[in-house]
Amino acid sequence: MDATKEAEPMVRENSATVDRPSERELVVSRTINGPARIVFDAWTKPELMEQWWTPKSFPISLLSCEMEVRVGGGYRLTFGYEDSTFEFYGRYLEVAPPSRLVWTNDEGDEGETITTLTLEESNGKTLLVVHDLYPSKEALDGAIASGSTSGMPESLGQLDELVASLGASEGG
């Protein structure tokens, strides 16, 4: 009984952790209150990603989300900010539903960043880990300085809310 009580706070943890294990890596993790298959769908179906990806506190909007989720397929996210637009795009290197997704981020001038998403389900909850490997220390420093990495914890909170609502609508 005591072991269950000790484990409970970890399961109920609502915030994301952000770590920089090396000069080129950024790792963000969070426990999502729902099964891995729904979390995976939220990362791979445009109509779901559009509902959670852009942090609500940021003055940007997701204008379009194109995804061909297969090895060799590509994605393109177009955002609006004030009177301009910008894009994130790349290609999928690995697609293993519902536990792993690997893709490139090709929009940077410094070279390609590789993102690995892993999902590990336990007791109806999913530990989500996003691991970014930047091409250089300077590229990661630049991403952090520009604020482009700061929205992930908020986005993952929005993902958690979406997954909970999707699970409830499925009766799970």
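Residues numbered from 1 in each chain as written. Predicted model: local features only at pLDDT ≥ 70, side-chain atom pairs only at ≥ 80, totals over all residues. Heavy atoms only, no water.

(A) Quick peek at the nonpolar core. Among the nonpolar cores identified, the biggest contains 31 residues, and Trp 43, Trp 52, Trp 53, Leu 128, Leu 156 and Leu 159 are the most heavily contacted of them. For this core, the leading source of residues is helix 2 (residues 36-44), giving six residues. Apart from the residues lying within four places of it in its own chain, the contact partners of Leu 159 are Ile 32, Val 39, Ala 42, Trp 43, Trp 52 and Leu 128. One finds Leu 26, Tyr 134, Ala 139 and Ala 143 within the second-largest nonpolar core, a separate group that totals five residues. (Core = buried A, V, L, I, M, F, W, Y, C linked by side-chain atoms within 4.5 Å. Buried < 20%, exposed > 50% of the residue type's maximum accessible area, 1.4 Å probe, protein only. Helix = DSSP H or I, 4+ residues; strand = E, 2+ residues; numbered from the N terminus. Contact = heavy atoms within 4.5 Å.)

(B) The arrangement of the sheet that holds strand 3 (residues 60-67) in detail. The eight strands lie next to each other as 1-2-8-7-6-5-4-3, forming an open sheet whose pairing is antiparallel. Edge positions in the sheet fall to strand 1 (17-22) and strand 3, since each of these pairs with one other strand and no more. Along the sheet, successive strands turn relative to each other by an average axial angle of 20 degrees, direction set aside. In this structure, strand 1 lies alongside strand 2 (residues 25-32), joined through four bridges in antiparallel fashion. (Pairing = 2+ DSSP bridges. Axes fitted to C-alpha atoms, helices over the stretch in contact; angles between N-to-C directions.)

(C) View of the packing of aromatic side chains. Evaluated as defined, the whole model comprises eight aromatic pairs. Centre to centre, the rings of Trp 52 and Trp 53 are 5.2 Å apart; their planes meet at 75 degrees, and the pair counts as edge-to-face. Taken as a pair, Trp 52 and Trp 53 share a single burial class, namely buried. Consider the rings of Tyr 75 and Tyr 92, whose centres lie 5.7 Å apart with planes at 55 degrees: the pair is tilted. Residue Tyr 75 is located in strand 4 (residues 74-81), and its partner Tyr 92 is located in strand 5 (residues 84-96); the two are separated by 17 residues in the primary sequence. Like Tyr 75, the residue Tyr 92 is buried in the burial classification. An aromatic cluster is defined as three or more aromatic residues linked by ring pairs; in this entry it consists of Trp 43, Trp 52, Trp 53 and Trp 103. A cation over a ring is seen here: Arg 76 above Tyr 89, with NZ or CZ 4.6 Å from the ring centre. (Phe/Tyr/Trp six-rings, centres within 6.5 Å; stacked < 30°, edge-to-face > 60°. Lys NZ or Arg CZ within 6 Å of the ring centre and 35° of its normal.)

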